[in-house]
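Here are the chains, one letter per residue:
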Amino acid sequence: MVLHCYRLFIDGLLSITDNIEQEVVKIPKHVKCYDDFDPYLVVAADKGTATYSDDANAIAKRYHFWLGDAFASGGEHGYNHKSMAVTAKTAWNSAKWHFKTLDYEKDKVITAVGIGDMSGDVFGNGLLLSDKIALIAAFNHRLIFIDPNPDTSLSFEERRRLFTKELDWDHYDTRILSAGGMIYSRADKKLQLSPEACAALGLGPIDSMEPNELIRVILKASVDFIFNGGIGTYIKASTETNEQVGDKNNIPLRINATDIRAKVISEGGNLGMTQNARIEFNLSDGLCNADFIDNLGGVDCSDKEVNIKILFNGMIADKRMTVDERNKYLNLLKDDIVDMVVRDNEDQNTVISLIERRVKKNHTMFHGFQTYLSETRKLSLEANSFPNDKEITDRISRGKTFVRPEIALVVAHSKKLVKSELIESAIINLPIAQNYLFKAFPKQLAEDFHEDIKQHYLKEDIIATIISNQFVLDTGVAYLFQLFDEFEKDADEVFQAYLLAREILNIDQLDHMIQSQKKHLSMDSFLYIKNKLTGLLRLSIRWILSSNSLAIIANDDCNKYKDIVTNIFKKLSSVQSYETIQYHQMKEQFSDSSIESSTIDQFYLYFSILNPVQIAISINRHHYAVDQYIFIYVELSRYIDSTILRFCIDDYTISSSWELGFRSTLRGRLAAIYCDMTSRAMVFLDTAERNHLNLIRYLLSDELLIGKLNRWKNAVDDMHSKQNYTLSMLDGYVTKLSMIVQNTYVV
């Protein structure tokens, strides 16, 4: 009956969906269409319908639907999520992220309770991703599993046996259970509990309890980890009623988030918690994301499968590939697909954590963006569980601001808005944007079918998706709209400036270096260096937009500037001093990490100069020698030494979007002072018979200049020590420095 209803539903959908015939979109007969053409319809396998993909594809075949068996992902010739463990891997990856945030040692045993059993996809695969999980208790719709003090090695192997044979908890070898362990039926009225079980679950001595009561106790257990791999909503906020939550079947099991004693929750299943419950749990110092972050593996894998099959459909139609050849190639890509999906989850966790880090210091822009969503996009703050002004004020008084589930939702809306701007722009047709198309496919596939990918039917949508995701990861949720407001530039200009800055700075290479060191970095150090990268990119984008350099760079060879920046960093390694406040500060930041000193040196070099893009443009425009320019830049940086002023600007607490823009302007002006001085020094050196020594002698002999700089530095030091400065004071000191040095090198 269920399959029959499913077939009727799919048949109905396809009967009113546009199709593509000989590259022309066709509207079904007897359908009056009020919107634009839209032939893209796919079916995602989910619980209850996971085995129906082939049935759906058979109906699509009957309709000659253009997607073929890309219509319903999975199936006989698609990616089986259970065998690939793809959803479980993203759920466990989120959990690992939280444990790293809590500074758990890599080999630490994780005590856990769970929702599900070993025959299931998410729960079964998830509990096999680490042999350091001590599963104290679990339950599904039939049984309750208790193992008070499990042997992690033996229990891991037994869980593997159950998973392989798709067996429920009642097939668990009870000889492996620790003392007091038991497997109960939820059909029994009373369950006898051992002293060991009571101790493990934090109960006093008790003879027995009802199954539903025991499940509530399990969910409240003092463990490291709750892993939800089941169906149903088991946790609500203390402010919510069961009627508001729905899911009547699980009302007897449901608890409040304030009653949870676990440190981390991962939602491999959908809607295990309400959004309000997630927020309440995080505000109580727990760590969780949202279900659409933790269990993105299945949907993301399906998206990638569909895109690859669409690519191959054209080749099959042209008889350049057979279906069997396609199937073999798909199979070869499985590991790459899983790696890409897990990296997508990693990126999601990264951007949430970066924003979480920023809003602890300054919540103004994030809160303002929420208000923007509410006012311009008709997004209900209440329906999305966003806090109002009063709630934010209350949180700040308790040392809190916004938490991960709220940030996750805003990130999703931000990506959607950025993509909507991109899809309407001309940017996605530029060569620099077209390169992002290949990021959506495994590396080997992109190399083997490069020209075919360029003709992909969904290429504009794929490019817009990839760039919008990357833009938000690189710059944050509100940066695009901040630039719109501050510079009154259109979307094309902003996106082009972003793509050019990203390419010139070789952000992918920098990020690869950071990622390669991640296992050696504490979470705090990882986010610190990622945040530095964001700052460098933001400064470069702003400079390109504010200096009217966009047209110059866009009409030139971007690789030329990229090569100059590469050479700048190479030269820095031989001339930059490591006896600076910035270097020692960075070294201190990495004191809790196990990376080599040489790696810290590399990080320092990348962030030791203020605006590499501006320097590259100046070097190219005036045909300066990179080695000489950087040598002079470094010498002047030592001579002027605006380190303390930079600290003051960076540490200033922002209270409005105007202040945020003004602080960014101050950073840009400070960078411009160094570039301007270096350029004028190059002119000075261009005069006959002058060299580097002449410049140093000139500077050291200018007692008036030295006196002015010393007085300026002393005033900045005094301001910094008192910690009572304003933006206008910082502006004054930047202006004063500019005035002091502006007449230097007058020949």
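Use the structure listed above.
Before going into details, it helps to say that this report is about the structure given with it. Keep in mind the model is a prediction, meaning the values are calculated, not measured.

1. Remarks on the overall build of the protein
Here is step 1 of the chain: Scanning the protein for helices and strands turns up 36 helices and 12 strands.
Here is step 2 of the chain: C-alpha atoms of the protein, sized along the principal axes, occupy 95 × 70 × 45 Å.
Here is step 3 of the chain: Sorting the 747 residues of the protein into buried and exposed places 55% on the buried side.
Here is step 4 of the chain: In the protein, the proportion of contacts linking residues at least 24 apart, taken out of those at least 6 apart, comes to 73%.
Here is step 5 of the chain: When the accessible surface of the protein is summed, it comes to about 34,100 Å², and 50% of that surface belongs to carbon and sulfur atoms.
Here is step 6 of the chain: For the protein, the separation between the mean place of its 84 positive charges and that of its 101 negative charges on side chains is 2 Å.

2. Considering the packing of helix α15 (residues 364-376) against helix α17 (residues 404-423)
Here is step 1 of the chain: Look at α15 against α17: their axes get within 11 Å of each other, and the N-to-C directions meet at 60 degrees. One element, α15, and the other, α17, form an angle in the oblique class. Considering how the two elements wind past one another, α15 and α17 form a crossing that is left-handed. Judged by residue contacts, Phe366, Phe369, Gln370, Tyr372 and Leu373 of α15 engage Glu406, Ile407, Val410, His413, Ser414 and Leu417 from α17.

3. Some words on the packing of aromatic side chains
Here is step 1 of the chain: If you walk through the whole model with that rule in mind, you get 34 aromatic pairs.
Here is step 2 of the chain: Both rings, one in phenylalanine 145 and one in tryptophan 169, keep their centres 4.4 Å apart while their planes meet at 25 degrees; by these two values the pair is stacked. Of the two residues, phenylalanine 145 sits in strand β5 (residues 143-146) while tryptophan 169 sits in the loop between α6 (152-165) and β6 (182-185), which places them 24 residues apart along the sequence. The pair phenylalanine 145 / tryptophan 169 is uniform in exposure class, with both members buried.
Here is step 3 of the chain: For the ring pair tyrosine 578 and tyrosine 583, a centre distance of 5.2 Å and an interplane angle of 75 degrees mean the geometry is edge-to-face.
Here is step 4 of the chain: Overall, tyrosine 583 belongs to the buried group, its relative accessible area being 6%.
Here is step 5 of the chain: Among the aromatic side chains, those forming a connected cluster through ring pairs are Trp92, Phe99, Tyr104, Phe123, Phe145, Trp169, Tyr172, Phe225 and Phe227.
Here is step 6 of the chain: It is lysine 518 that lies over the ring of phenylalanine 526; its NZ or CZ is 5.2 Å from the centre.

4. A look at a negative patch on the surface
Here is step 1 of the chain: Where like charges cluster on the molecular surface, the negative patch consists of Asp103, Glu105, Asp107, Asp131, Glu588 and Asp592.
Here is step 2 of the chain: Looking at the secondary structure, you find aspartate 103 in the loop between α4 (86-101) and β3 (110-115).

5. Quick look at the sheet that holds strand β12 (residues 264-267)
Strand pairing in a sheet is mediated by backbone hydrogen bonds. Such pairs are either parallel or antiparallel.
Here is step 1 of the chain: Reading across the sheet, the 6 strands line up as β6-β5-β4-β3-β9-β12 and stay open at both edges, with mixed pairing between neighbours. Of all the strands in the sheet, the pair left with one neighbour each is β6 and β12. Averaged over neighbouring strand pairs, the angle between their axes works out to 20 degrees when direction is ignored.
Here is step 2 of the chain: Sheet topology note: the strand β9 (residues 225-228)/β12 ladder contains 4 bridges and is parallel. Looking across to β12, one finds that phenylalanine 225 is bridged to valine 264.
Here is step 3 of the chain: Those strands touched by helix α8 (residues 211-219) are β3, β4 (133-139), β5, β6 and β9, and its axis lies near 45 degrees from that of β5.

6. Describing the nonpolar core
Here is step 1 of the chain: If you look at the biggest cluster of nonpolar residues, it comprises 184 residues, and the most contacted ones within it are Phe71, Leu645 and Leu730.
Here is step 2 of the chain: Membership of the second largest hydrophobic core comes to 34 residues, among which are Phe139, Ile146, Ile255 and Ala262.

7. What about the pattern of salt bridges?
Here is step 1 of the chain: On inspection of all chains with the given rule, the structure shows 42 salt bridges.
Here is step 2 of the chain: Linking arginine 142 and aspartate 170 is a salt bridge whose minimum nitrogen-to-oxygen distance equals 3.2 Å. With a gap of 28 residues between them, arginine 142 in the loop between β4 and β5 and aspartate 170 in the loop between α6 and β6 connect regions that are remote in the sequence.
Here is step 3 of the chain: A relative accessible area of 36% means that arginine 142 is categorised as partly exposed.
Here is step 4 of the chain: The structure contains a network of salt bridges with shared partners spanning Asp69, Glu305, Lys309 and Arg326.

8. A few points about the pairing of β5
Here is step 1 of the chain: Neither face of β5 is exposed, since Leu143 and Phe145 on one face and Ile144 and Ile146 on the opposite face are all buried.
Here is step 2 of the chain: Where β4 meets β5, 3 bridges bridge the pair, whose relative direction is antiparallel. Paired with alanine 137 across the strands is isoleucine 146, a residue of β5.
Here is step 3 of the chain: Remark: 3 residues form the turn of the hairpin made by β4 and β5, two consecutive strands paired antiparallel.
Here is step 4 of the chain: Where β5 meets β6, 4 bridges bridge the pair, whose relative direction is antiparallel. In the sheet register, phenylalanine 145 faces β6, and the bridge partner there is isoleucine 183.

Conventions adopted
Residues numbered from 1 in each chain as written. Predicted model: local features only at pLDDT ≥ 70, side-chain atom pairs only at ≥ 80, totals over all residues. Heavy atoms only, no water. Helix = DSSP H or I, 4+ residues; strand = E, 2+ residues; numbered from the N terminus. Buried < 20%, exposed > 50% of the residue type's maximum accessible area, 1.4 Å probe, protein only. Contact = heavy atoms within 4.5 Å. Areas by Shrake-Rupley, 256 points an atom, 1.4 Å probe, with all protein chains shown as cover. Lys, Arg positive; Asp, Glu negative; His and termini not counted. Charge placed at Lys NZ, Arg CZ, Asp CG, Glu CD. Axes fitted to C-alpha atoms, helices over the stretch in contact; angles between N-to-C directions. Parallel < 35°, antiparallel > 145°, perpendicular 65-115°, else oblique. Left-handed = near helix turned anticlockwise from the far one by under 90°. Phe/Tyr/Trp six-rings, centres within 6.5 Å; stacked < 30°, edge-to-face > 60°. Lys NZ or Arg CZ within 6 Å of the ring centre and 35° of its normal. Patch = residues over 30% accessible without salt bridge, like charges linked within 9 Å, V, L, I, M, F, W, Y side chains within 5 Å. Salt bridge = Lys/Arg side-chain N within 4 Å of Asp/Glu carboxyl O. Pairing = 2+ DSSP bridges. Core = buried A, V, L, I, M, F, W, Y, C linked by side-chain atoms within 4.5 Å.

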